[in-house]
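Summary of the model geometry
The lines below spell out each chain.
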Amino acid sequence: MRIILVGPPGAGKGTQAESIKKKYDIAHISTGDILRANVKAGTELGKTAKQYMDAGNLVPDDLIIAMMEFRLQEPDTKNGFLLDGFPRTRRQAEALDELLERLGLSLDAVVELDVSDEVVVKRLSSRRVCRQCGEIYNTLTKPAGTEGVCGICGGEVIRRDDDKESVIRSRLSVFHEQTAPLIKYYRDKRLLVTVDASGAKDSIVKRLAGGLGSK
Ligand code: AP5
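Summarised in this report is the structure supplied together with it. Predicted model only: the values in this text are computed from it and were never measured.

Here's the deal with the sheet that holds strand β1 (residues 2–6)
If you trace the 5 strands from one edge of the open sheet to the other, you get β2-β3-β1-β4-β8, paired in parallel fashion. Two strands in the sheet have a free side with no partner beyond their single neighbour: β2 (27–30) and β8 (192–196). In this sheet, neighbouring strand axes are inclined to one another by 20° on average, regardless of whether the strands run parallel or antiparallel. Two strands pair when backbone bridges link them, and β1 and strand β3 (residues 81–84) are joined in this way by 4 bridges, in the parallel orientation. Each residue of the ladder has a partner; that of isoleucine 3, found in β3, is leucine 82. Across the sheet, helix α8 (residues 181–188) is in contact with β1, β4 (109–114) and β8; its angle to β8 comes to roughly 130°.

Observations regarding the packing of aromatic side chains
Under the defined criterion, the tally for this structure stands at 1 aromatic pair. Relative to tyrosine 186, the ring of tyrosine 185 has its centre 5.0 Å away and its plane inclined at 90°; by these criteria the two rings are edge-to-face. When sorted by exposure, tyrosine 185 lands in the same class as tyrosine 186, which is buried. It is lysine 142 that lies over the ring of tyrosine 137; its NZ or CZ is 5.4 Å from the centre.

Quick word on the sheet that holds strand β6 (residues 136–138)
As summarised here, the arrangement of the 3 strands in space is β6-β5-β7, forming an open sheet in which the pairing is antiparallel. Two strands bound the open sheet, and with one partner strand each, they are β6 and β7 (157–158). Pairing geometry for strand β5 (residues 127–130) and β6, over 3 bridges, is antiparallel. Across the sheet, arginine 127 pairs through a bridge with asparagine 138, a residue of β6.

As for unusual backbone geometry
Backbone torsion omega between phenylalanine 86 and proline 87 reads -5°, so that peptide bond is classified as cis. We note that aspartate 25 has phi near 55°; this positive angle belongs to a residue other than glycine. Within the secondary structure layout, aspartate 25 lies in the loop between α1 (13–24) and β2.

Regarding the side chain of asparagine 38
Mapping asparagine 38 onto the fold places it in helix α2 (residues 31–41). Of the residues examined, asparagine 38 reaches a relative accessible area of 17% and is grouped as buried. Setting aside chain neighbours within four positions, we find asparagine 38 in contact with Thr43, Leu45 and Gly46.

Describing the pattern of salt bridges
According to the stated counting rule, one finds 18 salt bridges in the structure shown. For lysine 50, the salt bridge identified is with aspartate 161, shortest N-O distance 3.7 Å. You can see lysine 50 sitting in helix α3 (residues 44–55) and its partner aspartate 161 sitting in the loop between β7 and α7 (165–179), a full 111 residues away along the chain. Taking the relative accessible area as the measure of exposure, lysine 50 reaches 32% and is therefore partly exposed.

Rules behind the numbers
Counting restarts for each chain, with residues numbered from 1 along the sequence as it is written. Where local features are concerned, this predicted model is filtered to residues with pLDDT of at least 70; where side-chain atom pairs are given and counted, the filter is 80 or more; whole-chain, interface and lining totals use all residues. As a convention, hydrogens and water are excluded, and side-chain values are obtained from all of the structure's heavy atoms. Strand pairing follows a simple DSSP-based rule, namely that at least 2 bridges must link the two strands. The helix count covers DSSP runs of H or I at least four residues long, the strand count covers runs of E at least two residues long, and both are numbered beginning at the N terminus. Orientation is described by lines fitted to C-alpha atoms, with helices fitted over the stretch in contact, and by angles between N-to-C directions that extend from 0 to 180 degrees. Only heavy atoms enter the contact rule, under which two residues are in contact if any of them lie within 4.5 Å. Aromatic rings from Phe, Tyr and Trp, with only the six-membered ring used for Trp, were paired whenever their centres fell within 6.5 Å, and each pair was classed as stacked if the ring planes differed by under 30 degrees, edge-to-face if by over 60, and tilted otherwise. Accessible area is worked out with a 1.4 Å probe on protein chains only. A residue is then buried under 20% of its type maximum, exposed over 50%, and partly exposed in between. Charges are assigned to positions over rings by a cutoff of 6 Å between ring centre and Lys NZ or Arg CZ, combined with an angular limit of 35 degrees from the ring normal. Only one rule defines a salt bridge in this text: a Lys or Arg side-chain nitrogen within 4 Å of an Asp or Glu carboxyl oxygen.

Laid out in structure tokens, this is it:
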């Protein structure tokens, strides 16, 4: 299976990716996670990306496209992949189409996680993540067992730099302006599955499985 997850920041892409990845045994590729790993490692890509990420803006297309051309040809994508956070612009979507055509591959589905801006702001303001293993927590709905300590690996649980309310609002505007138009792009290609992403995590998992089952 080759699937794209699209939705605003905080829609639950990372949270839902876990169940899809397990069900189909495919690689979960999050551009945000790759960029944060580069920031942490202090690479040239990380240094450039950080200034865009901290302001809630998109990292330039050329950098992202080059990064994904490489990542999508790694051996773990043989069985398929789940893209989380890519593509985010029309140019990225067209570059992905070209790459897949060159590789003789096609997409099976594009899942849109549909949720209101107010729910997003609430979820992101209370999100925490493990600095070490990336486990996603939430002070309201999924607190870390011991405050500040990851229950999986014992790493430090922190608030992401871009989860301040002012930056969350900028990320939402960027989503509506630059990424939301992709929903029509993929609807026109008859790949779109829209899932109501409000409510409890488990009910969304079921809706998502139902939507993908029709593909
Ligand atoms: P990225 O890391 O991709 O951030 P994002 O798209 O803004 O998405 P998030 O990770 O914030 O949210 P999510 O949808 O995964 O939600 P989550 O599951 O964590 O990108 C970061 C930055 O990198 C971008 O701003 C940009 O600068 C750059 N970048 C990345 N890709 C790029 C690209 N392709 N081009 C250019 N630049 C790029 O859930 C959120 C919270 O809600 C958690 O606390 C979770 O526990 C909780 N939650 C989830 N579901 C539920 C539920 N059903 N009920 C209650 N709480 C829930």
